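Summary of structural features
Now for the letters of each chain:
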Amino acid sequence: MTKKLLAVFALFAIATPSFSAYEEVECSTDPVFSEYSCNQCFQWGSKMEWDKLGLLTDLWMNVTDVKKILYKEEQKDPQMVNLDSTNAAWSQVPNADKFWEYTDEFNALYSDTDFGYVLDAGKSITWLKSSLSSAYSLDKNTAPSWSNIGMLIYSIVTHNILENWEVSMDDSNEHLECVLFKSWDTAEVVVPETPKKLPQTGPAEYLLLMILAMALGFGALKFRTKS
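Below or above, wherever it landed, is the structure these notes cover.

Conventions used here
- Residues numbered from 1 in each chain as written.
- Predicted model: local features only at pLDDT ≥ 70, side-chain atom pairs only at ≥ 80, totals over all residues.
- Heavy atoms only, no water.
- Helix = DSSP H or I, 4+ residues; strand = E, 2+ residues; numbered from the N terminus.
- Buried < 20%, exposed > 50% of the residue type's maximum accessible area, 1.4 Å probe, protein only.
- Contact = heavy atoms within 4.5 Å.
- Areas by Shrake-Rupley, 256 points an atom, 1.4 Å probe, with all protein chains shown as cover.
- Phe/Tyr/Trp six-rings, centres within 6.5 Å; stacked < 30°, edge-to-face > 60°.
- Core = buried A, V, L, I, M, F, W, Y, C linked by side-chain atoms within 4.5 Å.
- Pairing = 2+ DSSP bridges.
- Axes fitted to C-alpha atoms, helices over the stretch in contact; angles between N-to-C directions.

Another aspect to go through is the overall build of the protein chain. Looking only at helices and strands, the protein chain features five helices and 16 strands. Taken over 227 residues, the protein chain has a buried fraction of 41%. Of the contacts made within the protein chain by residues no fewer than 6 positions apart, 82% connect residues no fewer than 24 positions apart. Surface exposure of the protein chain reaches about 13,000 Å², of which carbon and sulfur atoms provide 56%.

Laid out in structure tokens, this is it:
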């Protein structure tokens, strides 16, 4: 039992993001969105040095009145772009080949007839997620408060299925979903007081409390790709 609990705790320690709300905004709110040709834009908020981002997912939403089809061969993995290489440094663990994976509900959409993944009109699914032990890490951040330090860019390419069941190749423009991160305001950092006395718990209870605390702080970051 102890070995299993330690394994779970180690997993949480690898990829524990700082939880914060994200907000969809107009792409005109920051020039950097236009610089990267973003079609859909989000403002995450601020990140401080050694913050982690994990449990990342993307929701594919078919907001049209026709079926959509997606081919894996046309897709690119999301990328974290460093917007301030002088003052900020991002890394990802593990490497790109192990970081992103398709969800089971997305794989279930595969059509043997159409040789692709078909999403009905008005439907939505979580189609992409980071693996459980994966995370982006902000290894360095000396940038001025609230300056742009990073942008996570999700890419998706889909096609319309026409009334005659043919696939339209004229609408294959890449849809880019961009999530902007800013530098933490160091003036807002609050150092908690050191507790005078540890709670009276046995080894097993203490370990469970640690795991619970990590789990509660393990925020999920989900975005909605509309196509």
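This model, assessed by the stated rule, comprises 11 aromatic pairs. A network of ring pairs unites the aromatic residues Trp 60, Tyr 102, Phe 106, Tyr 110, Tyr 117 and Trp 127 as a single cluster.

Turning next to the nonpolar core. The biggest cluster of nonpolar side chains holds 26 residues, and the ones touching the most others in it are Tyr 136 and Phe 181. Of all the secondary structure elements, the ones that give two or more residues to this core are β2 (40-47), β4 (56-61), β7 (88-93), β10 (116-119), β11 (124-130), β12 (135-141), β13 (148-156) and β15 (175-183). A total of four residues in this core trace back to one element, the largest contributor, which is β13. Not counting the four nearest positions on each side in its chain, Phe 181 is found in contact with Trp 44, Gly 45, Lys 47, Leu 53, Met 80, Trp 90, Ser 147, Asn 148, Ile 149, Gly 150, Met 151 and Leu 152. Listed in part, the 12 residues of the second largest apolar core include Val 32, Phe 33, Ile 153 and Leu 176.

The subject of this paragraph is the pairing of β11. Burial within β11 is extensive, with five of its seven residues counted as buried. When β4 meets β11, the two strands line up antiparallel, connected through five bridges. Looking across to β11, one finds that Trp 60 is bridged to Ile 125. Here three bridges tie strand β8 (residues 100-102) to β11, and the two strands are oriented antiparallel to one another. Bridge pairing links Tyr 102 to Leu 128 in β11.

Let us look at the sheet that holds strand β14 (residues 159-160). What the four strands build is an open sheet, ordered β9-β10-β5-β14; its pairing is antiparallel. At either margin of the open sheet sits one strand with a lone partner, and together these are β9 (110-111) and β14.

Before going further, it helps to examine the sheet that holds strand β6 (residues 79-82). The five strands are arranged β1-β2-β15-β13-β6 in an open sheet whose pairing can be described as mixed. Two strands close off the open sheet at either side, each with one partner strand: β1 (23-25) and β6. When the angles between neighbouring strand axes are averaged without regard to direction, this sheet yields 30°. As judged from the eight bridges shared by β13 and β15, these two strands associate in the antiparallel manner. Directly across from Met 151, in β15, lies its bridge partner Leu 180.

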